[in-house]
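# Commentary on secondary and tertiary structure
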Amino acid sequence: MFDFYRVAAVVPELSVGDPVYNTDRILEKLEEVSSYNPAVITFPELAVSGYSCQDLFFQDTLMRNVRESLSRIRKATVGNEAAVIVGAPVMIRGQLYNGAFTFLKGKLLGITIKTFLPNYHEFYEKRWFCSADQLPVNAVSGDELFIEGVQEEIPVGNRLIYDLGGKLSFGVEICEDLWAPIPPSAAMALSGAELIVNLSASNELIAKREYRKNLIRQTSANLVAAYLYCSAGSSESTQDVIFSGHCMLAENGVVLNENKDYIASDYLMIADIDLGKLRGERVRMKSFADAASHYRGMAGRCRVLNAAEAVCPESDRSYYLLAKHPFIPASRTRLLKRCTEIFDMQVGGLVKRLSVTGARPVVGVSGGMDSTLALLVSARALQKMNRPAEELIAITMPAFGTSDRTYQNSLLLIKSLGAIPVIIDIRLSCEQHLRDLKHDPDLKDLTYENTQARERTQVLMDYANMHGGLVVGTGDLSELALGWCTYNGDQMSMYGVNGSIPKTLVRWMIDTVAENRLFPDSTVVLRDILDTPISPELLPPDEHGRITQKTEDSVGPYELHDFFLYYTLRYGFSPEKINYLANRAFRGDYDSETILKWQKLFVRRFFSQQFKRSCMPDGVKVGSVAMSPRGDLRMPSDASAMAWLKELEE
């Protein structure tokens, strides 16, 4: 199932100081959560006894009941395929430690010991527990633990890594360990742990939840790992504080799931992780490998415990967040914010180039979305530079395929921005060129289409030379990925402002400019441009002047191609995995045959059209997926797509 694994955080109701009751609840929840087929299940810190026992930890009765309860939990995991982690106090060589017990199929794999013990404000754990740094041994015998069914030596420490059958490796840390400047999880991640599990008992305070969430999100990003956090619930003692049962899963800086109730207990949180993403990211991030080498001493103290008997069931990823449009934030607020930031980056890049060259921006305006966005960026750049709008050179070049709607929209847009339209009809020059080539004008082939595209570029370049201008490119990321541009035609410019913006986002960029009313006089025409079908307009319109050539009829839906592009470049996923994800994301929109058809086309064109990207113009990178040959994509123009296509065929 393509490296998807399910994890679960379980917060049972408990009774402080009553391990028997707590274990009954733990086993009930264990049976319930097992139906979801997770690979890893965790309970909160000291869940067997309750975190808030205070000086009761010194009582033999409590500790005896804890040991008996751990025996019951071990026995209950015999028929369970998941790794089960429970928190409990443990006595080792006459000292008490805060431990996390990891069971697998009835076997106790190891005991992670808490390293950093909070002893400030409302916390005073050093009153009861010793740190992992004070452990006199790195393993304890079953006889010392008094856990029924445990006879062998059990590894103990703060840097244990559990390898589940070579499929998934995880490390465990406990609550305050996360808050330390260099947490134990750093060493574990550098030693190969892809998932970090944190058993916690973090009380709730005003604003602490958001701080905690940001801490976990950032830690998962720093470690390029998944981070599963499970905190004690509200059934802990409320003598002086309240615990909220805050649980979440973060994956490389993104929170994938989180419990919704502010104060909670007695619930499950299920989530899926994609180890393919993490592994792909670690391969690309050479600083990760460098850190592993630099901190080899720290990482070298980790111990990898191989659980060869682990089944480690893979997930069907039904609990994994998957967006149909990975370039577009889900919420309207975040979308507006992102588009505004991207627009500012586009404008900033062009301002720098215009400042250095002293040139005027020259834009070919078709009435379509790409040229509209480039024109808006150019107009805004002049505003930022306190230069008059009249310096914007906006040229519309009607030809054989120009429709009345796009032509009129281009004129309206240019005027609404305070510029003066330059109209250069290229029909006669294209006809002359076709005659020079002895090309039949009735033959509407690729030469017929590209003649117009290259003539437009020639006009823009020469007009720019005449007026001290700089040709601003309009082509977007999706067109570059597919090579859906004319080589040395619309593929070429003096500076490309849209080169790292996918087609699915271009629409929202224009919508954001209209929403923010950066150009109030342009709002009406911008809305009509957004409603216009995507077209290169290189074939004649119908008898009513309407567009007949629609891009997506030829190359397929851009929302599919942007999906393929994102997972191909961002994570290097296989075509098979991308196809699987696409079928999940677009279920109900496209059938599997349609998705496969357009994915094959994407792969063929992505490989065969690299030569157009190898000489693409300068332009700022705005997102994590870009294809500049000087930065993000170094790819041979004559590479073979055979292996990728074969995988799709099979």
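What comes next is a walk through the structure. Predicted model only: the values in this text are computed from it and were never measured. (Residues numbered from 1 in each chain as written. Predicted model: local features only at pLDDT ≥ 70, side-chain atom pairs only at ≥ 80, totals over all residues. Heavy atoms only, no water.)

Once that is clear, we can look at helix α16 (residues 503–515). Across its 13 residues, α16 extends 19 Å between first and last C-alpha, which sits within 8% of the 18 Å expected from 1.5 Å per residue. Of all 13 residues that make up α16, 10 are buried, and the element is covered over most of its length. As for α16, its buried residues are in contact with α10 (332–357), α11 (369–384), α15 (477–482), α17 (523–530) and α19 (558–569). Two residues or fewer past α16, arginine 517 is found with a positive phi of approximately 50°. (Helix = DSSP H or I, 4+ residues; strand = E, 2+ residues; numbered from the N terminus. Expected span 1.5 Å × (residues − 1). Buried < 20%, exposed > 50% of the residue type's maximum accessible area, 1.4 Å probe, protein only. Contact = heavy atoms within 4.5 Å.)

Turning next to the packing of α11 against α16. With their axes 10 Å apart at the nearest point, α11 and α16 run at an angle of 45° to one another. Accordingly, the angle class assigned to the pair α11 and α16 is oblique. For the pair α11 and α16, the sense of crossing is left-handed. Residues Met369, Asp370, Thr372, Leu373 and Leu376 of α11 pack against Lys503, Val506, Arg507, Met509, Ile510 and Val513 of α16. Per-class residue counts for the contact of α11 with α16 are 7 nonpolar, 1 polar and 3 charged. (Axes fitted to C-alpha atoms, helices over the stretch in contact; angles between N-to-C directions. Parallel < 35°, antiparallel > 145°, perpendicular 65-115°, else oblique. Left-handed = near helix turned anticlockwise from the far one by under 90°. Nonpolar A, V, L, I, M, F, W, Y, C, P; charged D, E, K, R; others polar.)

Spatially, β18-β17-β16-β19-β20 is the arrangement adopted by the 5 strands of the open sheet, whose pairing is parallel. In this open sheet, the two edge strands, each paired with only one partner strand, are β18 (420–423) and β20 (495–496). One ladder, built from 3 bridges, connects strand β16 (residues 360–364) with strand β17 (residues 393–396); its direction is parallel. Note on β17: the bridge partner recorded for glycine 364 is isoleucine 395. Sitting on the sheet, α11 is in contact with β16, β17 and β19 (469–473), with an inclination near 165° to β16. (Pairing = 2+ DSSP bridges.)

Among soluble globular proteins, nonpolar side chains are generally buried collectively. In terms of nonpolar packing, the biggest core is built from 123 residues, with Val40, Leu164, Leu168 and Phe170 touching the most fellow members. Looking at this core element by element, the count peaks at 9 residues for α11. Each residue touching phenylalanine 170, except ones within four places of it in the same chain, is listed here: Val40, Ala83, Ile85, Thr102, Leu160, Ile161, Tyr162, Leu164, Ala193, Leu195 and Val197. By size, the runner-up hydrophobic cluster in this structure holds 50 residues, among which are Val84, Leu117, Ala132 and Leu135. (Core = buried A, V, L, I, M, F, W, Y, C linked by side-chain atoms within 4.5 Å.)

Another aspect to go through is the sheet that holds strand β15 (residues 303–307). Spatial ordering of the open sheet is given by β13-β12-β11-β10-β9-β8-β15, a layout of 7 strands whose pairing is mixed. Across the chains shown, the open sheet's two edge strands, defined by having one partner strand only, are β13 (254–258) and β15. Taking the axes of each pair of neighbouring strands and ignoring which way they run, one obtains an average angle of 20° across the sheet. With 4 bridges connecting them, strand β12 (residues 247–251) and β13 associate as antiparallel partners. From the neighbouring strand, leucine 249 faces β13, where its bridge partner is asparagine 257.

The subject of this paragraph is the packing of aromatic side chains. Enumeration according to the criterion identifies 27 aromatic pairs in this entry. Each ring, one from tyrosine 566 and one from tyrosine 571, has its centre 6.0 Å from the other, and the planes form 75°; the classification is edge-to-face. Members of the aromatic cluster, each reached through a chain of ring pairs, are Phe327, Phe563, Tyr566, Tyr567, Tyr571, Phe573, Phe586 and Tyr590. When the ring centre of phenylalanine 4 is taken as reference, the NZ or CZ atom of arginine 317 above it lies at 5.2 Å. The ring of tyrosine 448 carries lysine 444 above its face, with NZ or CZ at 5.2 Å from the centroid. (Phe/Tyr/Trp six-rings, centres within 6.5 Å; stacked < 30°, edge-to-face > 60°. Lys NZ or Arg CZ within 6 Å of the ring centre and 35° of its normal.)

Its 16 residues give helix α1 (residues 19–34) an end-to-end C-alpha distance of 22 Å, which sits within 8% of 22 Å, the value for a rise of 1.5 Å per residue. Listed as buried for α1 are Pro19, Asn22, Thr23, Arg25, Ile26, Lys29, Leu30 and Val33. Buried residues in α1, looked at end-on, bunch into an arc of 160°, giving them a common side. The secondary structure elements touched by the buried residues of α1 are β1 (4–11), β2 (40–42), α2 (60–76), β3 (83–92) and β14 (267–274). (Arc of directions from axis to C-beta.)

Should their charged atoms come close, side chains of opposite charge can pair. Summed over the entire model, instances satisfying the criterion amount to 33 salt bridges. Note that arginine 570 is salt-bridged to glutamate 281, the shortest N-O span being 2.6 Å. Placement of arginine 570 in the loop between α19 and α20 (575–585) and of glutamate 281 in helix α7 (residues 275–284) is noted, with a sequence separation of 289 residues between them. For arginine 570, a relative accessible area of 17% translates into the label buried. A single salt-bridge network, built from bridges that share partners, covers Arg332, Asp511, Glu515 and Arg527. (Salt bridge = Lys/Arg side-chain N within 4 Å of Asp/Glu carboxyl O.)

Treat this as a map of the structure, not an account of what it does.
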